[in-house]
Amino acid sequence: MGKIIALANQKGGVGKTTTTINLAASLAALEKNVLVVDADPQANASSGLGIDIRTLKYTIYEGLIGKCKPADAVMKTPFENIDILPSHINLVGAELEMVQMENRERRLRDLLNPLRATYDYILIDCSPSLGIITVNALTASDSVIIPVQCEYFALEGLSKLLNTIKIIKSKLNTSLEIEGFVLTMYDSRLRLHNQIYEEVKSHFKELVFNTVIQRNITLSESQSHAKPALMYDAGSRGAINHMQLAQELIEKNV
């Protein structure tokens, strides 16, 4: 059975989507079958993996509100071993539609459970909020990876996210665990970034991945070409960092 991992942080711009896309590509290169679940109405993970979101018949939105079967919404990407459950701006409306639905917090779990046997890893790219879709993602997941940008403002919202995880663990998903914190946009030349790394490491200890994602222009360039960094420039720092992260994740789950 595949492991479902949410990549979550209610603060925007910390690298959730970039990490999701590039971690998926690295896991796929290590011969793991990966499903990326785009749970963000901005649909950046979908377009970043080469999907034209304007032409989609079914997306995560139709799946959540019961208009299609889970497998009907899953698409092949141009990249081997990576499928995607794409998103669309319509997902904004699901927040309102799901309010009246029975078991509204478990809709995504019910959508993904039939797909578990097909994949080694299912990665959920969460939106930068703690709304009902993110609650669904955390309820559906076995664990959560928390990308943390190397800025002090990025640390401030962690307590709110951790409290949300604690509530979901107690009420909706008792098996939910923190897979780890991953530091993103890291520049070892900056004293501030080193201070933040040490602060996070001292506070969360073994929950912090040893791998850090260094600031790298290739990660931005590859997005404009709708490719993971590994397929755009395999020798780039961004591609290497994410491959190291994938290897560390696999080793943690042996």
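Residues numbered from 1 in each chain as written. Predicted model: local features only at pLDDT ≥ 70, side-chain atom pairs only at ≥ 80, totals over all residues. Heavy atoms only, no water.

Chemist: Got a minute to help me understand the environment of Asn33 in this structure?
Modeler: Looking at the element boundaries, Asn33 is found in the loop between α1 (16-29) and β2 (34-39). The exposure class of Asn33 is partly exposed, given its relative accessible area of 33%. Placed 100 residues apart in sequence, Asn33 and Ile133 show a C-alpha to C-alpha distance of 24 Å. Leave out the neighbours within four places in its chain, and Asn33 touches Asn81, Thr118, Tyr119, Asp120 and Tyr121. (Helix = DSSP H or I, 4+ residues; strand = E, 2+ residues; numbered from the N terminus. Buried < 20%, exposed > 50% of the residue type's maximum accessible area, 1.4 Å probe, protein only. Contact = heavy atoms within 4.5 Å.)

Chemist: Just to check I follow, could you spell out the packing of α1 against helix α13 (residues 237-252) for this structure?
Modeler: In helix packing, the relevant descriptors are the interaxial angle and the interaxial distance, both defined with respect to the helix axes. Look at α1 against α13: their axes get within 8 Å of each other, and the N-to-C directions meet at 70 degrees. It follows from the interaxial angle that α1 and α13 lie roughly perpendicular. Note that α1 runs across α13; the crossing there is right-handed. Where α1 abuts α13, its residues Thr18, Thr19, Asn22, Leu23, Ser26, Leu27 and Ala29 lie against Ala239, His242, Met243, Leu245, Ala246, Leu249 and Ile250. Here the contact of α1 with α13 is built from residues that sort into 9 nonpolar, 5 polar and no charged. (Axes fitted to C-alpha atoms, helices over the stretch in contact; angles between N-to-C directions. Parallel < 35°, antiparallel > 145°, perpendicular 65-115°, else oblique. Left-handed = near helix turned anticlockwise from the far one by under 90°. Nonpolar A, V, L, I, M, F, W, Y, C, P; charged D, E, K, R; others polar.)

Chemist: Before we go on, may I ask you to explain the pattern of salt bridges in this structure?
Modeler: When the charged atoms of two side chains with opposite charge come close together, those side chains can pair. Evaluation of the coordinates by the stated rule reveals 8 salt bridges. The salt bridge involving Arg104 is made with Glu105; its shortest N-O contact spans 3.4 Å. We note a salt bridge from Asp110 to Arg109, for which the minimum N-O separation is 3.9 Å. Judged by its relative accessible area of 45%, Asp110 falls in the partly exposed class. Classification of Arg109 by relative accessible area gives partly exposed; the value is 27%. (Salt bridge = Lys/Arg side-chain N within 4 Å of Asp/Glu carboxyl O.)

Chemist: In this structure, what is going on with the sheet that holds strand β3 (residues 75-76)? I would like to understand it.
Modeler: Either a parallel or an antiparallel arrangement is found when strands of a sheet pair, and the pairing is made through backbone hydrogen bonds. Spatially, 7 strands are ordered β3-β4-β2-β5-β1-β6-β7 in an open sheet, and the strand pairing comes out mixed. Two strands in the sheet have a free side with no partner beyond their single neighbour: β3 and β7 (177-184). Sheet topology places strand β6 (residues 143-149) next to β7; 7 bridges connect them, and they run parallel. Bridge pairing links Ile146 to Phe181 in β7. Contacting β1 (3-7), β2, β4 (82-85), β5 (121-126), β6 and β7, α1 crosses the sheet at an angle of about 165 degrees to β5. (Pairing = 2+ DSSP bridges.)

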